[in-house]
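Chain and residue survey
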Amino acid sequence: MSAVDPIANLRDLIRCPSVTPAEGGALSALEAMLSPLGFTVERMVATEPGMPDIENLYARLGTTGPHLMFAGHTDVVPVGDEASWSHPPFSAEIEDGEMFGRGAVDMKGGIACFAAAVARHIEQHGAPQGSISFLITGDEEGPAVNGTEKLLKWAADKGERWDACLVGEPTNPDVLGDMIKIGRRGSVSGKVTVHGVQGHAAYPHLADNAVRGLLPLAHALMHPRFDEGTPEFPASNLEVTTVDIGNPATNVVPAKASFAFNIRFNDTWTAETVQAEILRRLDAAAGDQTLRPGRDKVRYEIVWAERPSHVFLTRNNALISSLSGAVEAVTGRVPALSTTGGTSDARFIKDYCPVVEFGLVGQTMHMVDERVAIADLETLTQIYGTFLSRWFGDAAVS
Ligand SMILES: [Zn+2]
């Protein structure tokens, strides 16, 4: 049967140069793996004014529940300096037990292994008692506007419903079996601009230095901590990411200064309450007279970045334990259940069904010489296969 070999699957996918927004043949290669297995494959093109059209793929096997979704992306980040690669980034060459290529671990490798696991499951047990679907986007590494979010809505509008989702992103820091992600922190960004009065540096009483207003505001956002963390999440953390004044003159007091920030927040907060806390801190600091004695409150404005990422935590025991149990059965390692790291497309999926993430070792993702151990491809395929048996077994009896 086709697609049972994750190495061949991954080779076919890597050889498609699918740098966002290009489809590059990657979805066609996946379709060629899934169609012979009996999947109904649909290609959905998402559009947005001013942005390139993006091709996405939705494939389903089976018509009944329970329904398991595997989610991921075939687009990849640019290769960077191609001359620095040991092997051409879209050639999938193997050397010393590793396959080289852009997307090897992030995350064509995860897709290759899941397709192989499904193919083997069908070969050994026949079609699952329920449904399996692939929800694969070509817009994860880009703006993620024409990707998973629209694909989910498109499928849901047609009546698709899911009981659980596994995202195949590379979640393991060092060794296969290290870590399952069961949630993600939220993320909010913004830019604060402080207004003062321009003047001569030798006559500061005639001016109002915007930098003196900026400093207490920026400090107030970074200190004290927003919280001490929760059982499942690390402490929320805000970083000022840039300070922009752009004043080339040493004898001029600037009238305007701005800074940008990003906060990664845990489930103590929602995007809305964390924004309210940020405003409260800015307002309190604006009245601080330390750096501007005798002055009125600091005049500032804030612009929030579009689309905050919402925090989420998955508590679905059947999903977590069948995956965790599969990892342990195959690798002998008990994976940590983690909420660390950046955001992922799981933030969109959580609105439709419980979602967890597990894939390859992420060490070389986005780097020159991105590569995957051939042995890991076989191991991950076995983990996914064991997970399929356990999840469908559990879901059938529960
Ligand atoms: Zn990825």
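Looking at helix α5 (residues 210-222)
Note: α-helices contain 3.6 residues per turn, so residues at a spacing of three or four share the same orientation. With 13 residues, α5 extends 19 Å between its outermost C-alpha atoms, agreeing within 8% with the 18 Å of an ideal straight helix rising 1.5 Å per residue. Along α5, the residues that are buried comprise Ala 210, Gly 213, Leu 214, Pro 216, Leu 217, Ala 218, Ala 220 and Leu 221. Next to the buried residues of α5 lie β10 (186-195), β12 (237-244), β14 (256-265), α6 (271-286) and β15 (299-304). Its side-chain oxygen 2.9 Å from the backbone nitrogen of Val 211, Asn 209 forms the N-cap of α5.

Regarding the sheet that holds strand β19 (residues 371-373)
Each strand in a sheet pairs with another by means of backbone hydrogen bonds, the pair being arranged parallel or else antiparallel. Pairing in this open sheet of three strands is antiparallel, and the strands run β4-β5-β19 from one edge to the other. A single partner strand is all that each edge strand has here, and the edge strands are β4 (94-95) and β19. Direction of pairing for β4 relative to strand β5 (residues 98-100): antiparallel, over a ladder of two bridges. Among the inter-strand pairings, Glu 95 is bridged to a residue of β5, identified as Glu 98. Its contacts with the sheet place helix α1 (residues 6-14) against β4, β5 and β19, and it is angled at close to 15° to β5.

A look at the packing of α1 against helix α3 (residues 108-125)
The contact between α1 and α3 brings their axes to 8 Å, and the two run at 140°. The pairing of α1 with α3 is recorded here as oblique in orientation. α1 and α3 meet at a crossing whose hand is right-handed. Facing Pro 6, Asn 9, Leu 10, Leu 13 and Ile 14 of α1, the residues of α3 in contact are Lys 108, Gly 109, Ile 111, Ala 112, Cys 113, Ala 115, Ala 116 and Arg 120. Class assignment for the residues of the contact of α1 with α3 results in nine nonpolar, two polar and two charged.

Parameters and conventions
- Residues numbered from 1 in each chain as written.
- Predicted model: local features only at pLDDT ≥ 70, side-chain atom pairs only at ≥ 80, totals over all residues.
- Heavy atoms only, no water.
- Helix = DSSP H or I, 4+ residues; strand = E, 2+ residues; numbered from the N terminus.
- Expected span 1.5 Å × (residues − 1).
- Buried < 20%, exposed > 50% of the residue type's maximum accessible area, 1.4 Å probe, protein only.
- Contact = heavy atoms within 4.5 Å.
- Polar contact = N/O pair within 3.5 Å; in protein donor to acceptor, adjacent residues only side chain to side chain.
- Pairing = 2+ DSSP bridges.
- Axes fitted to C-alpha atoms, helices over the stretch in contact; angles between N-to-C directions.
- Parallel < 35°, antiparallel > 145°, perpendicular 65-115°, else oblique.
- Left-handed = near helix turned anticlockwise from the far one by under 90°.
- Nonpolar A, V, L, I, M, F, W, Y, C, P; charged D, E, K, R; others polar.

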